[in-house]
Amino acid sequence: MPEELRDRVLGRLSGRLTDGVLTIVASEHRSQLRNREAARDRLAAVLARAVAPDPPSRRPTRPSKRAKQRRLDDKTRRGRIKRLRGRPDE
């Protein structure tokens, strides 16, 4: 494994390492052989997720002018409805 991938894996799995060893436990089958295969598959999945590149960073977006206006109109409408629930003015 290249050094940069190894560093990425160790960094991402640092919470699961005990003295530098990753432990995978499998006991869902009655057969030892099938449990070993399940553990191997689980280890491969964990390593594949750890080696995967970072997701692309999120580009911040702004709400449109129309969306802002719609939100303010809705707030005004809700406030008016709530104001009408109170006691009538004399």
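This text goes with the structure placed above it.
Rules used throughout
Residues numbered from 1 in each chain as written. Predicted model: local features only at pLDDT ≥ 70, side-chain atom pairs only at ≥ 80, totals over all residues. Heavy atoms only, no water. Salt bridge = Lys/Arg side-chain N within 4 Å of Asp/Glu carboxyl O. Helix = DSSP H or I, 4+ residues; strand = E, 2+ residues; numbered from the N terminus. Buried < 20%, exposed > 50% of the residue type's maximum accessible area, 1.4 Å probe, protein only. Core = buried A, V, L, I, M, F, W, Y, C linked by side-chain atoms within 4.5 Å. Contact = heavy atoms within 4.5 Å.

**Q** Before we go on, may I ask you to explain the pattern of salt bridges in this structure?
**A** Side-chain pairing between opposite charges can occur once the charged atoms of the two side chains come close. In the structure shown here, the tally under the stated rule is 3 salt bridges. Aspartate 54 is paired through a salt bridge with arginine 12; the nearest N and O atoms lie 2.1 Å apart. One end of the pair, aspartate 54, is in the loop between helix H2 (32-51) and helix H3 (65-84); the other, arginine 12, is in helix H1 (residues 3-12), with 42 residues separating them in the sequence. Judged by its relative accessible area of 35%, arginine 12 falls in the partly exposed class. Between arginine 42 and glutamate 28 there is a salt bridge, with its nearest N and O atoms 3.0 Å apart. With arginine 42 in helix H2 and glutamate 28 in the loop between strand S2 (21-22) and H2, this pair connects stretches of sequence that are 14 residues apart. Relative accessible area serves as the criterion here: at 32%, arginine 42 is assigned to the partly exposed category.

**Q** For this particular structure, what's the right way to read the nonpolar core?
**A** In globular proteins that are soluble, nonpolar side chains generally tend to be buried together. Ranked by size, the top nonpolar core spans 8 residues in total: Val9, Leu13, Ile24, Ala26, Ala38, Ala39, Val46 and Ala50. Looking at this core, the element that brings in the most residues is H2, giving 4 residues. Sequence-distant contacts of isoleucine 24, that is, excluding residues within four places in its chain, are made with Arg16, Ala39, Arg42, Leu43 and Val46.

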